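Here's the letter readout for the chains.
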Amino acid sequence: MATLWYLCESCGHGNHINVMEEGYGQIKILGAPGPNWTQVTFFPCDSIQFRKDPEFLHVWVGGKHFEVVAKK
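Model, not experiment: these values are computed from the prediction.

Peer 1: Got a minute to help me understand the pairing of strand β7 (residues 56-61) in this structure?
Peer 2: The side chains of a regular strand alternate, first on one face of the sheet and then on the other. As judged from the 5 bridges shared by strand β6 (residues 48-52) and β7, these two strands associate in the antiparallel manner. Its bridge partner being in β7, Q49 is matched across the sheet by W60. Between the antiparallel neighbours β6 and β7 lie 3 residues. Of the strand pairs in this sheet, β7 and strand β8 (residues 64-69) are connected by 6 bridges, and their pairing is antiparallel. Bridging across to β8, L57 finds its partner in V68.

In structure tokens, the structure reads:
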């Protein structure tokens, strides 16, 4: 999965965000070891791309590159 944990700086609420070929959205983890989850929100995005490697989740949105350190 191409999923990251995001902590909102404004409200302090944490969310699991799943990146997909056609967009991104919030998911709710239902159980472990899973992954067992359900989609909560979805936002279409034509310009999103991602690549996973052992160290990072690489995400490109509108030409901007973001790296999220992989959980080990």
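Peer 1: Looking at this structure, I do not really get the pattern of salt bridges. What am I missing?
Peer 2: Where side chains of opposite charge bring their charged atoms close, a pairing between them can arise. Throughout the structure, instances matching the rule amount to 1 salt bridge. Here D53 and R51 are joined by a salt bridge, their closest N and O atoms 3.5 Å apart. Look at R51 and you get partly exposed, because its relative accessible area is 42%.

Peer 1: Could you clarify how one ought to interpret the sheet that holds β6 in this entry?
Peer 2: The strands that make up a sheet pair up through hydrogen bonds in the backbone, lying either parallel or antiparallel. Read across the open sheet, the 3 strands follow the order β6-β7-β8; overall the sheet is antiparallel. With partners counted over all chains shown, the strands left at the sheet margins are β6 and β8, one partner each. Across the sheet, the axes of successive neighbouring strands diverge by a mean angle of 20°, strand direction being ignored.

Peer 1: How should I be thinking about the nonpolar core in this particular structure?
Peer 2: Soluble globular proteins tend to bury their nonpolar side chains together. Formed by A2, L4, I17, V19, C45, I48, L57 and V59, the largest nonpolar core amounts to 8 residues. Counting residues per element, the ones that place at least two in this core are β2 (14-20) and β7. When residues no more than four places from it in sequence are discounted, the contact partners of A2 are I17, N18, V19, F50, K52 and L57.

Criteria and cut-off values
Residues numbered from 1 in each chain as written. Predicted model: local features only at pLDDT ≥ 70, side-chain atom pairs only at ≥ 80, totals over all residues. Heavy atoms only, no water. Pairing = 2+ DSSP bridges. Helix = DSSP H or I, 4+ residues; strand = E, 2+ residues; numbered from the N terminus. Salt bridge = Lys/Arg side-chain N within 4 Å of Asp/Glu carboxyl O. Buried < 20%, exposed > 50% of the residue type's maximum accessible area, 1.4 Å probe, protein only. Axes fitted to C-alpha atoms, helices over the stretch in contact; angles between N-to-C directions. Core = buried A, V, L, I, M, F, W, Y, C linked by side-chain atoms within 4.5 Å. Contact = heavy atoms within 4.5 Å.

In short, geometric facts, not functional conclusions.
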